[in-house]
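# A structural walkthrough
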Amino acid sequence: MSRSRRSRPGRTPAPAVRVRRRRARPKRGRKLALVLVLLALVLVAAGIAAGGAVLAFGSKCDLGALRPTRIGQNTFVYAADGSLLGVIPAERNREVVALGRMSPWLRRATVAIEDRRFYDHGGIDAEGIARALWRDIKAGEVVEGGSTITQQLVRNLYISNERTVQRKVTEACLAVKLDDAWSKQKILGSYLNSVFYGNLAYGAEAASRTYFSRTARTLTLPQAALVAGLPQAPTTYDPLTDPVRARQRRDQVLDAMLQESMITPAQHRWASRQPIGLRPGRLYEQIREPYFFGYVRDQLVKAYGAETVRSGGLKVYTTIEPRWQRLAQKAIGDTLTRKADPAAAIVSIDPANGAIRAMTAIVPGRANNQFNLLSQARRQPGSTFKTFVLAAAVERGMDPSSTYYVSAPFTYRARADGNCDDGSWWCVRTYDSSYTGWTSVERATLRSDNSVYAQLTLDVGPARVASMARRLGVRTPLQVNGAFPPAMGLGSVAVSPLDMASAYATLAAGGIYTEPTAIRRVILHGKRDDRWAAHHRRTRVVPDGVASVVTRILEDNVRYGTGTAAALSRPVAGKTGTTDKHADAWFVGFTPGLSTAVWMGYTRGEVPMTNVHGISVSGGSFPAQIWRRFMDPALAGLPAREFPEPARPVVFQQWHRGPSALSYDPYYVAPPSAPTTTQEETPPPPKPSASPVRDAAPSPGAADTSSGRGGASANGGRPAEP
């Protein structure tokens, strides 16, 4: 087709013709290039790996002595009760097809995005390797690859996927030898038949049927571009869970094809305008709970390597309780009953050992309702993050019941010339725009008072809050542009339900953290039996006295705070969370034996939930109800347990409000005559402070003098003096 000829509307444009001329590669030149590249690699390996790569290199770079990995057996996955939960298919589920039976668009798209010089180099791209080696030398470890399609094929078929210089040396040597032994067509065909495209689809044929219910031969240009973009990060670009990001990746592939003159500008414009048009095939639909299986597979790959998992034949015994899985799904389904309702997710963890007992998500109106909780579903946690601010303050000696702040509109002026409109000032308001003046941190927690917690976050320090969250179990990076933002204390940085369930499980365990896991035991080839419980040590990360004080306040929050809808007939502690414009809503709570996080929101983005069943969704509404509907039957038949008393109660110290904290109640009006009975949280105005930096405290008579279970006040429960 000429560039001036227009394609007919509604039809896929014909492939642009691009003739590649394969350059002559004299044998002598090839061998010299191989020697030079391998010499450079060996020298770097000697410097980084102390010669280990050199010693192992010779025996491993023998193409004739190696054999492609076999197409393995399925991996069987068992629930906590020993029943068969399902199967993770091995590569036997792929369908090998000849390169000629694949769409030419797919072949060209793969070369454009993965290895644009594929037809010109001799198995390795010296330019790409040099760039990667330079970064590796600077970092002191392997941090970047420079892999060609041939190298990726070698890695998939012959050697492990570990990131070491020794492996890169072997990989490069085998790639050059394979390129010499095989034609480019055979290499590309083998790669397209073996690469992993996500959702258990190995090879182009399985991927085409998984995502579009069609053969690889019939893929259109935009469909082929989407499939070709998946191998780099199948989970990140998964079109079944994040179609927006998948489409962005598809357009990157189309851009690469245009730059390489594989398509015309007209074809590029046409393809970029097309929707992704997914039509999931039967393979994906028949996999029960594909997200949970994906999580298990990721843990197996991390522990044993992709090659072991890909070959299959494992017996994996998980921590999931089938009955609790069903209860979690029922709790969501019984609450969100309409097709237009938001999605909801539940993650439940045993605090005693980190075992994940339930992990599920439902998107109403979609038959395939699983989505990735760990990456695509990271969302702002709202006020559930205040628990970490509270824990960090208590650890530093603050008594929540006798430390007072002013509940009033609060503005943090990071610079003098800022304003609230452009975000240069942090302007904080409460959820319902109501304020109580001088109030204890404990009372502010029960009201989920943003203004008080904004001041407390600044006094504790955002870095200390982030450290506390990390210790308790939040594994999502919390820095924004290299710094910890103060707004993090109110839940501005997105995290996952797994993060929150894990962190609250640490509190339920009295401050002892255990890495969450979905696997108890794995039996590998050769009958090797790995018991994962031995790999997950319990570590004390905060004193039990700190965990006890925080737990006691969160218990009160469920009794008569924002979390009353989650109350059970047993001790329960928990916190609600609602983000700006009701885009996300949470309830995270725990008993002594189980920690559960519930998230609710629209998966396609931060869409306001202002009219769900006629109400605006907050953490205390549907999420708290879902939590109760799951936990109540899940714990039925188990004895109710009280939260334990701490072995080492906190010794509270005098707490000083910082220079950014409000020092007076702007709403206070002095009585016209003799003082009458005042409310507990509206004491007389404090005496003027001699310094504008030091804050005045409320009068002693206005304090809640209870020190709380697990703590002993250093000043007898009186409010902290300025």
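Structure shown above.
Thresholds applied
- Residues numbered from 1 in each chain as written.
- Predicted model: local features only at pLDDT ≥ 70, side-chain atom pairs only at ≥ 80, totals over all residues.
- Heavy atoms only, no water.
- Pairing = 2+ DSSP bridges.
- Helix = DSSP H or I, 4+ residues; strand = E, 2+ residues; numbered from the N terminus.
- Axes fitted to C-alpha atoms, helices over the stretch in contact; angles between N-to-C directions.
- Core = buried A, V, L, I, M, F, W, Y, C linked by side-chain atoms within 4.5 Å.
- Buried < 20%, exposed > 50% of the residue type's maximum accessible area, 1.4 Å probe, protein only.
- Contact = heavy atoms within 4.5 Å.
- Parallel < 35°, antiparallel > 145°, perpendicular 65-115°, else oblique.
- Left-handed = near helix turned anticlockwise from the far one by under 90°.
- Nonpolar A, V, L, I, M, F, W, Y, C, P; charged D, E, K, R; others polar.
- 1 Å grid on protein atoms, 1.4 Å probe; cavity = no way out; pocket = protein on both sides within 12 Å on 5 of 7 lines; lining within 4 Å.
- Points joined across faces, edges and corners; volume = space filled by probe spheres on them.
- Disulfide = S-S within 2.5 Å.
- Salt bridge = Lys/Arg side-chain N within 4 Å of Asp/Glu carboxyl O.

Attention now goes to the sheet that holds strand E11 (residues 519-523). Sheet architecture is open: 5 strands sit in the order E2-E1-E3-E11-E12, paired in mixed fashion. Of all strands in the sheet, those with a lone pairing partner are strand E2 (84-88) and strand E12 (529-531), marking the two edges. Neighbouring strand axes in the sheet, compared pairwise and without regard to direction, differ in orientation by 20° on average. Taken together, the 4 bridges between strand E1 (residues 75-78) and E2 define a ladder with antiparallel strand orientation.

It is worth spelling out the nonpolar core at this point. If you look at the biggest cluster of nonpolar residues, it comprises 94 residues, and the most contacted ones within it are Leu300, Phe388, Leu456 and Leu478. When near neighbours in sequence (up to four residues on either side) are disregarded, Leu478 contacts Phe385, Ala466, Ala469, Ala483, Phe484, Pro485, Met488, Val493 and Val495. Membership of the second largest hydrophobic core comes to 56 residues, among which are Leu106, Val111, Leu174 and Trp182.

Attention now moves to the environment of Arg470. Position of Arg470 relative to the elements: it lies in helix H19 (residues 462-472). Along the sequence, Arg470 and Val541 sit 71 residues apart, while their C-alpha atoms lie 9.7 Å from each other.

Where helix H16 (residues 386-395) meets helix H21 (residues 544-560), the axes come as close as 9 Å, and the angle between the chain directions of the two elements is 135°. Comparing their axes, H21 and H16 come out oblique. Along this stretch, H16 crosses H21, giving a crossing that reads as right-handed. Judged by residue contacts, Thr387, Leu390, Ala391, Val394 and Glu395 of H16 engage Val546, Val549, Val550, Ile553 and Leu554 from H21. Considered class by class, the residues forming the contact of H16 with H21 number 8 nonpolar, 1 polar and 1 charged.

Hydrogen bonds between backbone groups are what pair the strands of a sheet, and the pairing can be parallel or antiparallel. Taken in spatial order, the 5 strands make up an open sheet running E5-E4-E16-E15-E14, and their pairing is antiparallel. For this open sheet the edge positions go to strand E5 (356-362) and strand E14 (573-578), each flanked by a neighbour on one side alone. Put simply, the sheet's adjacent strands are angled 10° from each other on average, direction ignored. Looking at chain direction, strand E4 (residues 343-349) and strand E16 (residues 594-601) are connected through 7 bridges and run antiparallel. Across the sheet, Ile346 pairs through a bridge with Val598, a residue of E16.

Residue pairs spaced three or four apart in an α-helix point in one direction, given the helix's 3.6 residues per turn. All buried positions along helix H11 (residues 265-273) are accounted for by Gln267, His268, Trp270, Ala271 and Ser272. Looking at the packing, one finds that the buried side of H11 touches helix H3 (104-114), helix H9 (221-228) and helix H10 (243-259).

Attention shifts here to the layout of surface pockets. Of the pockets and cavities examined, the second largest pocket occupies roughly 1000 Å³. Lining the second largest pocket we find 41 residues, and of these Arg429, Asn450, Thr578, Thr579 and Asp580 sit closest to its centre. At the level of secondary structure, the elements contributing two or more residues to the lining of the second largest pocket comprise strand E8 (425-428) and E14. Broken down by element, the residue count for the lining of the second largest pocket peaks at 4 residues, all from E8. For the lining of the second largest pocket, the class distribution of residues is 13 nonpolar, 20 polar and 8 charged.

On inspection of all chains with the given rule, the structure shows 1 disulfide. Cys420 shares a disulfide with Cys427; S-S distance 1.8 Å. Since a negative S-S torsion denotes a left-handed disulfide, the Cys420-Cys427 link at about -80° is left-handed. Overall, Cys427 belongs to the partly exposed group, its relative accessible area being 26%.

The next subject is the pattern of salt bridges. Tallying each qualifying case throughout the model produces 19 salt bridges. For Arg250, the salt bridge identified is with Asp251, shortest N-O distance 3.2 Å. Given a relative accessible area of 21%, Asp251 falls into the partly exposed group. Lys330 serves as the salt-bridge partner of Asp334, at 2.6 Å between the closest nitrogen and oxygen. Of this pair, Asp334 and Lys330 both sit in helix H15 (residues 322-335), 4 residues apart, which is roughly one turn of that helix. What emerges from the salt-bridge pattern is a single network uniting Glu442, Arg552, Glu555, Asp556 and Arg559.

Geometry only, nothing functional implied.
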